[in-house]
Amino acid sequence: MKVLSVNIRAELEIPDDWELVDHPSGMLVLKIGDQFVDFDIAPLATRSEDPEAEWSDDDSVLMDQVLDAVVGIDVELDCRAPH
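To start, this report covers the structure provided alongside it. (Residues numbered from 1 in each chain as written. Predicted model: local features only at pLDDT ≥ 70, side-chain atom pairs only at ≥ 80, totals over all residues. Heavy atoms only, no water.)

Let us now look at the overall build of the protein chain. Helix and strand counts for the protein chain come out as one helix and three strands. In sequence order, the secondary structure elements of the protein chain are arranged as β-β-β-α. Computed over the C-alpha atoms, the radius of gyration of the protein chain is 16 Å, more than 25% above the 12 Å expected from 2.2 N^0.38 for a compact globule of 83 residues. Along the first, second and third principal axes, the C-alpha set of the protein chain runs to 40 × 30 × 25 Å. The contacts of the protein chain with a sequence gap of at least 6 include a subset with a gap of at least 24, amounting to 28%. Total accessible area computed for the protein chain in this model is approximately 8100 Å², and 50% of it derives from carbon and sulfur atoms. Both charge centroids of the protein chain, one from 5 positive and one from 21 negative side chains, sit 6 Å from each other. (Helix = DSSP H or I, 4+ residues; strand = E, 2+ residues; numbered from the N terminus. Rg over C-alpha atoms; globule rule 2.2 N^0.38 Å. Contact = heavy atoms within 4.5 Å. Areas by Shrake-Rupley, 256 points an atom, 1.4 Å probe, with all protein chains shown as cover. Lys, Arg positive; Asp, Glu negative; His and termini not counted. Charge placed at Lys NZ, Arg CZ, Asp CG, Glu CD.)

Below, the discussion takes up the pattern of salt bridges. As a working rule, side chains carrying opposite charge can pair if their charged atoms are close by. In this structure the tally under the stated criterion is two salt bridges. Between arginine 9 and glutamate 11 there is a salt bridge, with its nearest N and O atoms 3.7 Å apart. Exposure remark for arginine 9: the relative accessible area of 71% places this residue in the exposed category. Through salt bridges with shared partners, a single network forms among Arg9, Glu11 and Arg80. (Salt bridge = Lys/Arg side-chain N within 4 Å of Asp/Glu carboxyl O. Buried < 20%, exposed > 50% of the residue type's maximum accessible area, 1.4 Å probe, protein only.)

Residue placement: alanine 42 occurs in the loop between strand E3 (35-37) and helix H1 (60-68). Linking alanine 42 and aspartate 57, residues 15 residues apart in sequence, is a C-alpha distance of 8.1 Å.

This paragraph deals with a nonpolar patch on the surface. Among the surface-exposed residues, Leu12, Phe39, Leu67, Val70, Ile73 and Val75 lie close enough to one another that they form a single nonpolar patch of about 470 Å² accessible area. Position of isoleucine 73 relative to the elements: it lies in the segment after H1. Judged by its relative accessible area of 52%, isoleucine 73 is exposed. (Patch = residues over 30% accessible without salt bridge, like charges linked within 9 Å, V, L, I, M, F, W, Y side chains within 5 Å.)

This paragraph deals with the sheet that holds E3. Strand order in the open sheet formed by three strands is E1-E2-E3, with antiparallel pairing between adjacent strands. Each end of this open sheet is capped by a strand with a single partner; those strands are strand E1 (19-22) and E3. Averaged over neighbouring strand pairs, the angle between their axes works out to 45 degrees when direction is ignored. Direction of pairing for strand E2 (residues 28-32) relative to E3: antiparallel, over a ladder of three bridges. Across the sheet, isoleucine 32 pairs through a bridge with glutamine 35, a residue of E3. (Pairing = 2+ DSSP bridges. Axes fitted to C-alpha atoms, helices over the stretch in contact; angles between N-to-C directions.)

And the structure:
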């Protein structure tokens, strides 16, 4: 068995009324209105080799196989004002 490490870094420009809050579950999450948002891995697949291929999570069997292979995930959220 091999180990694949996937590092994903995203930067979002968010409205001032969105905020980071401690959720009762113990996670730091984004609060938008009355909803809490966490980030997770979302695999996408295609059968096409076309550069303009459509990628989706429609193949639930394949997506479940990929997600079942995840043995750990770490999400770090940080919010700062622009300079």
